[in-house]
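One letter stands for each residue in the lines below.
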Amino acid sequence: MTTLDPPQANVPLTDERRERVREMIGDELDAAWLYDRLASMSDPQSGQVLSQMAESELQHATHWVRLLGDEQFPTDMHRPSLRVRLMALQARVWGLGFIISQLRREELVDIQKYVSDPDSGDLAEEEREHRATLAELAPQFGAEGAIGEGHAGIGTAGASTFRAVLFGLNDGIVSNLALIAGVAGVAIGSEAVLVAGIGGWLAGAFSMAAGEYISVRGQSEVLQRQIAMERDEVLLDPQEERRELVTIYRAKGLSNELAEQVAAELSAKPESLIDTMVREELGLDPEQLGDPWKAAISSFVSFSLGALIPLLPFLIWHAADWNVDYWALIVGVVASVATLGVAGLFTSFFTSRNPLYSAGRSVFVGILAAGVTFGIGSALPFSL
């Protein structure tokens, strides 16, 4: 480790400022650690690019270390945060394409942070270069690329599916745990708890699937109708659509001459003009209208996975011919809390929240729902 002469700080190094700078050092070292791990998972050419980005992040950390003046470069002492460790785990399991959007958001946060900091020097511009490099790497780490030992990147579509599964899993756990706890409060030893848990699982899963199917199907039909109307307009009145396209591009900042040129070239091919008008005027991607069956099945499976977690102990107790007592409920609550915690950790990548905060919030909501319904069930003057 080395100590470097400090540059002249533009912002007074108060205790608060020093703490903020130390946080930025930790963020840069986290980024360096993550890019280094990703480099080790990728092919030689991409690995070299990622290693260079890791080295750049180390230099950024050095910049802030020099600003403090009396600090040593803490590379060997730095412990990567839980957030970047989880990101590295996701990349190793599902491929770098799975987290490429999150990496670009992280770089954007750094850009926003450094643009407003008078002591950042050229760091904001270098972070922009990192973000552009990630955009260039994205295609090969998506559907077309591979990373690591045979792990293909699953890209944005995979990330969206994973996000939907996480949220469905949370819904299944919390709703069925609350239902089971509520009925257990009334009659823990009765088979009514098991019946309620099974009913909650099936009713919730089928209602989620049906609702998702109807929603996506209806939306898809509306969008397809809009696309068909746009196609008719282009085929029946191409000059009017060309004028609309010129207006759109001028509103985007193009000169009148350039907008006219682009519109003219697109109008030479009706299919190109139709596709462009659908995207520019309607704001739609014709290839991403949604699959209602896929949405329904995904909702059913993800909700079922969650709903079965608090139910499984009661199924096991019943199958083993044990007396269904509070131990089954306790095991169900513990299993649900553990799963909610893990799901919360991964949910943090889509919400940009601290992983521990997201995990804690998921656990708190699950325990609160179970506690409230169990209390209400216990207070009811009924017996089963």
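In what follows, the accompanying structure is described. Please read these numbers as outputs of a predicted model, since none were measured by experiment. (Residues numbered from 1 in each chain as written. Predicted model: local features only at pLDDT ≥ 70, side-chain atom pairs only at ≥ 80, totals over all residues. Heavy atoms only, no water.)

**What to know about the pattern of salt bridges**
Alright, step 1. Tallied over the entire structure, the rule returns ten salt bridges.
Alright, step 2. Here Glu-23 ties to Arg-20 by a salt bridge, and the two come within 3.1 Å at their closest N and O atoms. Remark: Arg-20 and Glu-23 occur in helix H1 (residues 15-41); sequence separation between them is three residues, near one turn of the helix.
Alright, step 3. By relative accessible area, which is 33% here, Arg-20 ends up partly exposed.
Alright, step 4. For the salt bridge of Asp-30 with Arg-83, the shortest nitrogen-to-oxygen distance reads 4.0 Å. One end of the pair, Asp-30, is in helix H1; the other, Arg-83, is in helix H3 (residues 82-94), with 53 residues separating them in the sequence.
Alright, step 5. It is possible to trace a salt-bridge network through shared partners that takes in Arg-17, Asp-117 and Asp-119. (Salt bridge = Lys/Arg side-chain N within 4 Å of Asp/Glu carboxyl O. Helix = DSSP H or I, 4+ residues; strand = E, 2+ residues; numbered from the N terminus. Buried < 20%, exposed > 50% of the residue type's maximum accessible area, 1.4 Å probe, protein only.)

**Concerning the packing of aromatic side chains**
Alright, step 1. One pass over the structure, following the stated rule, counts five aromatic pairs.
Alright, step 2. For the pair Trp-317 and Trp-322, a centre-to-centre distance of 5.3 Å together with 90° between the ring planes defines the contact as edge-to-face. (Phe/Tyr/Trp six-rings, centres within 6.5 Å; stacked < 30°, edge-to-face > 60°.)

**Re a nonpolar patch on the surface**
Alright, step 1. A grouping of Phe-364, Val-365, Leu-368, Val-372, Ile-376, Leu-380 and Phe-382 is seen on the molecular surface, where their side chains present a nonpolar patch of about 670 Å² in accessible area.
Alright, step 2. Taking the relative accessible area as the measure of exposure, Val-372 reaches 43% and is therefore partly exposed. (Patch = residues over 30% accessible without salt bridge, like charges linked within 9 Å, V, L, I, M, F, W, Y side chains within 5 Å. Areas by Shrake-Rupley, 256 points an atom, 1.4 Å probe, with all protein chains shown as cover.)

**A word on H3**
Alright, step 1. The end-to-end C-alpha distance of H3, which contains 13 residues, comes to 18 Å, matching closely the 18 Å that a straight helix rising 1.5 Å per residue would cover.
Alright, step 2. Listed as buried for H3 are Val-84, Leu-86, Met-87, Ala-88, Gln-90 and Ala-91.
Alright, step 3. After H3 finishes, the residue Gly-95 shows a positive phi value of roughly 105°. (Expected span 1.5 Å × (residues − 1).)

**Here's the deal with unusual backbone geometry**
Alright, step 1. Of note in this structure, Asp-321 is not a glycine but carries a positive phi near 60°.
Alright, step 2. With respect to the secondary-structure elements, Asp-321 resides in the loop between helix H11 (292-319) and helix H12 (326-351).

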